Amino acid sequence: MRTPFSMFGLCLLLAACGTAPAVLPPVPESSAASQASSMQQPRTEGWIAPLDRAAERVTKKPFGIHVTPQDSPVQPERFTGYHTGMDLELLPGETPHDVTVHAACTGEVVAAQRVSGYGGVVVQRCTWNGEPVTALYGHLALDRVTVSPGQTLQSGDAIGVLGTAYSTETDGERAHLHFAIHHGAAVEYKGYVSTQSTLGAWVDPATVITSGGS
Ligand SMILES: [Zn+2]
């Protein structure tokens, strides 16, 4: 069992985070093939957490948790299945519109729209370990989203703010960020899947934003 937030702890010790998300060093490439591809395009690793103090925020639904309306840590619960993302919660004293969501990676915005189950959603196409992935940011206040499809974001750029709890901005959910990373370039909105094997199409965000991909 890894310790998923060790880098955040280090970051806090070094007092290097402040209000900005932690930027982690890129992982050296090893194979000749990946070196060749990195010469053709800029490095697109360098993932960060989309919210500051991320380690403190994962208190209800980490990646991969199986929930039902009966046993979910969030009540009431309308979903059943394995959670495809990581939920980052509000901290005491925060209001949703004051919580800035940052691009976790460098890449193009491919969607910024309202989606059932999420309210406002932004999806970004990025690279992790040399492979295409999409990063999904769910439950945003769509009318405060500041990015558009076709726009390339740098890791750390502001995307918008969290949606107000139990409103159309969150599609009736509490205020939080659902952050998911899906393998491949195609956009996938599923927040839950019914089998653990299907969950393999997603990456545990804790491994990406703490290791930079390794
Ligand atoms: Zn979620």
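Residues numbered from 1 in each chain as written. Predicted model: local features only at pLDDT ≥ 70, side-chain atom pairs only at ≥ 80, totals over all residues.

A. Molecular detail of the overall build of the protein chain. What the protein chain contains, in helices and strands, is four helices and 12 strands. Out of the 214 residues in the protein chain, the part that is buried amounts to 39%. Contacts in the protein chain between residues at least 24 apart in sequence constitute 66% of all its contacts with a sequence separation of at least 6. (Helix = DSSP H or I, 4+ residues; strand = E, 2+ residues; numbered from the N terminus. Buried ≥ 20, exposed ≤ 12 C-beta atoms within 10 Å, placed from the backbone. Contact = placed C-beta atoms within 7 Å.)

B. Molecular detail of the sheet that holds strand β1 (residues 66–67). One open sheet holds the three strands; their spatial order is β1-β2-β11, and the pairing between them is antiparallel. Pairing within the sheet leaves two strands with one partner each, and these edge strands are β1 and β11 (192–193). (Pairing = 2+ DSSP bridges.)

C. Region of interest: the pairing of strand β6 (residues 119–128). Taking burial as the measure, the 10 residues of β6 include 10 buried ones, the bulk of the element. Two elements, strand β5 (residues 107–115) and β6, share seven bridges in a ladder whose sense is antiparallel. Bridge pairing links Q113 to V121 in β6. Bridging between β6 and strand β7 (residues 131–140) involves nine bridges; their strand directions are antiparallel. Bridge pairing in β7 links V122 to Y137. Here β6 folds back onto β7 in antiparallel fashion, the turn holding two residues, of which N129 has a positive phi close to 55°.

D. Seen up close, the pairing of β5. Note: β5 against strand β8 (residues 152–153), two bridges, orientation antiparallel. Note on β8: the bridge partner recorded for E108 is T152.

E. The arrangement of the environment of H183 in detail. Secondary-structure assignment places H183 in strand β10 (residues 176–183). Along the backbone, H183 and W128 are 55 residues apart, and their C-alpha atoms lie at a distance of 8.9 Å. For H183, the residues in contact, after removing those within four places along its chain, are E131, V133, A201 and V203.

F. View of the environment of D171. Here D171 shows up in the loop between β9 (158–161) and β10. A C-alpha to C-alpha distance of 8.1 Å links D171 and G120, two positions 51 residues apart in sequence. In this structure D171 touches S116, G117, Y118 and G119, once residues within four positions along its chain are discounted.

G. How the structure looks around the nonpolar core. By size, the foremost hydrophobic cluster in this structure holds 43 residues, and its most contacted members are V122, Y137 and L140. For this core, the secondary structure elements donating two or more residues are β3 (86–89), β5, β6, β7, β9, β10, β12 (202–203) and α4 (205–211). Apart from the residues within four sequence positions on either side, L140 is in contact with V101, G120, V121, V122, V145, G160, V161, L162 and G163. (Core = buried A, V, L, I, M, F, W, Y, C linked by C-beta atoms within 7 Å.)

H. Summary view of unusual backbone geometry. That bond from Q75 to P76 is cis: its omega, -10°, falls within 30 degrees of zero. Within the secondary structure, P76 sits in the loop between β1 and β2 (81–83). One non-glycine residue with positive phi stands out, namely H139, at about 75°. Summarising the element assignment, H139 is placed in strand β7. Phi at D171 takes a positive value of approximately 50°, unusual for a residue other than glycine.

I. Spotlight on the confidence of the model for the protein chain. Per-residue confidence for the protein chain gives a mean pLDDT of 84, with 77% of residues at or over 70. Ranking the elements of the protein chain by mean pLDDT puts helix α1 (residues 6–14) last, at 41, and β10 first, at 98. Counting interchain partners and residues more than four positions distant, the pLDDT-below-50 stretch residues 1–25 has 40 contacts. Every residue in residues 27–44 scores below 50 in pLDDT, and together they form 16 contacts with partners more than four places removed in sequence or on other chains. (pLDDT = per-residue confidence, 0-100.)

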